[in-house]
Amino acid sequence: MNSEVYQHFRAEEKPVIDSLNDYINQAQNEYRPILTHFLDPRQQHIAQFLLQADDMIKVKAEGGFAQAERKRLLFYPDYYEPQEKDFELQLLEINYPTKFVSLTHGQILGTLANSGLEREVLGDIITDSQRWQIVVQKNISDYLLQQVERIGKINVRLEEMPLTQRLVPNNDWELETVPASSLRIDTVIAAVYNISRNRVKELINAKKVQLNWMVLTKPDTELGVLDIVSVRGFGRIKLIDVLGKSKRGKLRCEVAVIRK
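Residues numbered from 1 in each chain as written. Predicted model: local features only at pLDDT ≥ 70, side-chain atom pairs only at ≥ 80, totals over all residues. Heavy atoms only, no water.

Undergrad: Tell me about the sheet that holds strand β6 (residues 132–137), and please be specific about residues and values.
TA: The sheet built from four strands is open, its strands ordered β5-β6-β4-β9 with antiparallel pairing. Sheet topology places β5 (122–127) and β9 (157–161) at the edges, where each strand pairs with a single neighbour. Across the sheet, the mean angle separating the axes of adjacent strands is 25° when strand polarity is ignored. Pairing between strand β4 (residues 89–95) and β9: five bridges, direction antiparallel. Looking across to β9, one finds that N95 is bridged to R157. (Pairing = 2+ DSSP bridges. Helix = DSSP H or I, 4+ residues; strand = E, 2+ residues; numbered from the N terminus. Axes fitted to C-alpha atoms, helices over the stretch in contact; angles between N-to-C directions.)

Undergrad: Provide a residue-level description of the environment of N95, including the pertinent values.
TA: Considering the arrangement of structural elements, one finds N95 in strand β4. The spacing of N95 and S3 is 92 residues in sequence and 49 Å in space, taken between C-alpha atoms. In this structure N95 touches N155, V156, R157 and E159, once residues within four positions along its chain are discounted. (Contact = heavy atoms within 4.5 Å.)

Undergrad: Mind laying out the nonpolar core, listing which residues take part and the relevant values?
TA: Core analysis: the biggest nonpolar cluster contains 25 residues, and I189, V192, Y193, V209, V229, V231 and V255 have the highest contact counts within it. Mapped onto this core, the elements with two or more residues apiece are β10 (174–180), α5 (185–193), α6 (197–205), β11 (209–211), β13 (228–231), β14 (235–245) and β15 (251–259). Sort the elements by how many residues they give to this core and α5 lands first, with six residues. The contacts of V192, once residues within four sequence positions are left out, are V178, I237, V255, V257 and R259. If you look at the next biggest cluster of nonpolar residues, it comprises 20 residues, including I108, L122, I125 and I140. (Core = buried A, V, L, I, M, F, W, Y, C linked by side-chain atoms within 4.5 Å. Buried < 20%, exposed > 50% of the residue type's maximum accessible area, 1.4 Å probe, protein only.)

Undergrad: Describe the sheet that holds strand β1 (residues 34–39), and please don't skip the residues or the numbers.
TA: Ordered in space as β1-β3-β2, the three strands form an open sheet in which the pairing is antiparallel. Each edge of the open sheet carries a strand with a single partner, namely β1 and β2 (57–62). Shown here is a sheet whose adjacent strand axes are inclined to one another by a mean of 20°, direction ignored. As paired strands, β1 and strand β3 (residues 71–77) are joined by four bridges and run antiparallel to one another. Across the sheet, F38 pairs through a bridge with R72, a residue of β3. On the sheet, helix α1 (residues 14–30) packs against β1, β2 and β3 and is oriented at approximately 160° with respect to β1.

Undergrad: So what about the pattern of salt bridges? Which residues, and what values?
TA: The full count for this structure, using the stated rule, is 14 salt bridges. The partner of R10 in a salt bridge is E12, and the shortest N-O contact between them spans 3.5 Å. Across the pair R42 and E13 runs a salt bridge, and its minimum N-O distance is 2.8 Å. Within this pair, whereas R42 is found in helix α2 (residues 41–50), its partner E13 is found in the segment before α1, the two being separated by 29 residues in sequence. Judged by its relative accessible area of 6%, E13 is buried. (Salt bridge = Lys/Arg side-chain N within 4 Å of Asp/Glu carboxyl O.)

Right, dumping it as structure tokens:
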């Protein structure tokens, strides 16, 4: 891999680049399909970038449904035809007394994290506003069935379901074009939610802002294409593209936004 690749990405993304490059090299050297863990949209974008100059290896992404954010990637030689089973996905439904209690995404993710699992083995958590399902790596399904009996104070039972029975998830994303003076995260958040940068820095200091599911500590971090920013109490932002500059010299950022 050309060392100049790193200059296209943030310094803290170097471990991701190296890991993805290892997968690609393995697929090349062993001339067979190689499957990753779940990757977020930004990591998937990096993988596509790394394969731009590679004619031998192709990649396909699968997260259980077309709109999934978190997907497993299969790097494979051009002779191979990927099948759904190659991605080793399992859908789990959370059974709980829906008439009397309700669950939240945060409660579910917190329970799964506390069960000793890394985020990389978990795909999307989806809901139709009442029922909840999780896409996971098939090899951890039995473990979760045995370990997860409560979410918060709610008794639950996990059940394996075929992917064909997944829910149609709520889609609250709305596309917007937002002017911003730079791609700094504090600047973009302030522009999208119409709050001051000082308020954004307070949220960051209070650990209420996440970048690609990791707590953000640096307000001057620059957003990249397909980064997802979560702001507790406000919603989520996904940078889709930069469409150029306005007449006033501001960047025209195309973003997908969820507002709470």
